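# Per-entry structural report
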Amino acid sequence: MSTMEADAVMAGSKPASQVAARVEATTAAQGAQLPLAMVGKGETIRVLKVRGGSALRQHLSEMGFVEGAEVKVVSRINGDVVVSVKGATFGIGRDMAMRIVMY
């Protein structure tokens, strides 16, 4: 949200819901990307891509981390995450979670 938009919301010239919808649409259009290690507890996101060597990409693919797969973050501790993917729940270390790009 720009400073002008924030000022407009504070002044009451635009309803907050309109501004929030515009910000969300802009973020989606820009293709916001975030490593899995930075996704908050309770959030459900989708896999955009997996970075790394072919063996790591294959391993994560077998675990369910394929493009478009829905992932729910069950818990987070210092970048390590417990996730639910395709009905399975397991933990992933921070280094591996940083290689999984979400949107």
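Residues numbered from 1 in each chain as written. Predicted model: local features only at pLDDT ≥ 70, side-chain atom pairs only at ≥ 80, totals over all residues. Heavy atoms only, no water.

### Remarks on the overall build of the protein chain
Helix and strand counts for the protein chain stand at 4 helices and 6 strands. Listing every helix and strand of the protein chain by position from the N terminus yields α-α-β-β-α-β-β-β-α-β. Sequence-distant contacts, at least 24 apart, represent 54% of the contacts inside the protein chain between residues at least 6 apart. For the protein chain, the accessible area works out to roughly 6,500 Å², and carbon and sulfur atoms hold 53% of it. (Helix = DSSP H or I, 4+ residues; strand = E, 2+ residues; numbered from the N terminus. Contact = heavy atoms within 4.5 Å. Areas by Shrake-Rupley, 256 points an atom, 1.4 Å probe, with all protein chains shown as cover.)

### Notes on the sheet that holds strand 3 (residues 70-77)
Taking strand neighbours across the sheet as the criterion, the 6 strands line up as 1-6-2-3-4-5 in an open arrangement whose pairing is antiparallel. Looking at which strands have only one partner, the edges of the open sheet turn out to be strand 1 (34-35) and strand 5 (88-92). (Pairing = 2+ DSSP bridges.)

### Here's the deal with the pattern of salt bridges
Considering all chains together, one arrives at 1 salt bridge under this definition. The closest approach of N and O atoms between E70 and R46, which form a salt bridge, is 3.4 Å. Of this pair, E70 sits in strand 3 while R46 sits in strand 2 (residues 44-50), and the two are 24 residues apart along the sequence. By relative accessible area, which is 47% here, E70 ends up partly exposed. (Salt bridge = Lys/Arg side-chain N within 4 Å of Asp/Glu carboxyl O. Buried < 20%, exposed > 50% of the residue type's maximum accessible area, 1.4 Å probe, protein only.)

### Some words on the confidence of the model for the protein chain
Confidence in the prediction for the protein chain averages 82 pLDDT; 70% of positions are at 70 or higher. A low-confidence stretch, residues 1-10 (pLDDT under 50), is modelled with 11 contacts involving residues beyond four sequence positions or located in other chains. (pLDDT = per-residue confidence, 0-100.)

### Looking at the packing of aromatic side chains
Evaluated as defined, the whole model comprises 1 aromatic pair. Between the aromatic rings of F65 and F90, the centroid separation amounts to 6.0 Å while the plane-to-plane angle is 75 degrees, which identifies the pairing as edge-to-face. Linking F65 in the loop between helix 3 (54-62) and strand 3 with F90 in strand 5, this pair joins segments that are 25 residues apart in sequence. Using a relative accessible area of 2% as the deciding quantity, one classes F65 as buried. (Phe/Tyr/Trp six-rings, centres within 6.5 Å; stacked < 30°, edge-to-face > 60°.)

### Points about the environment of G40
Tracing the chain through its elements places G40 in the loop between strand 1 and strand 2. The spacing of G40 and V81 is 41 residues in sequence and 9.4 Å in space, taken between C-alpha atoms. Setting aside residues up to four positions removed in sequence, G40 forms contacts with V73 and R76.

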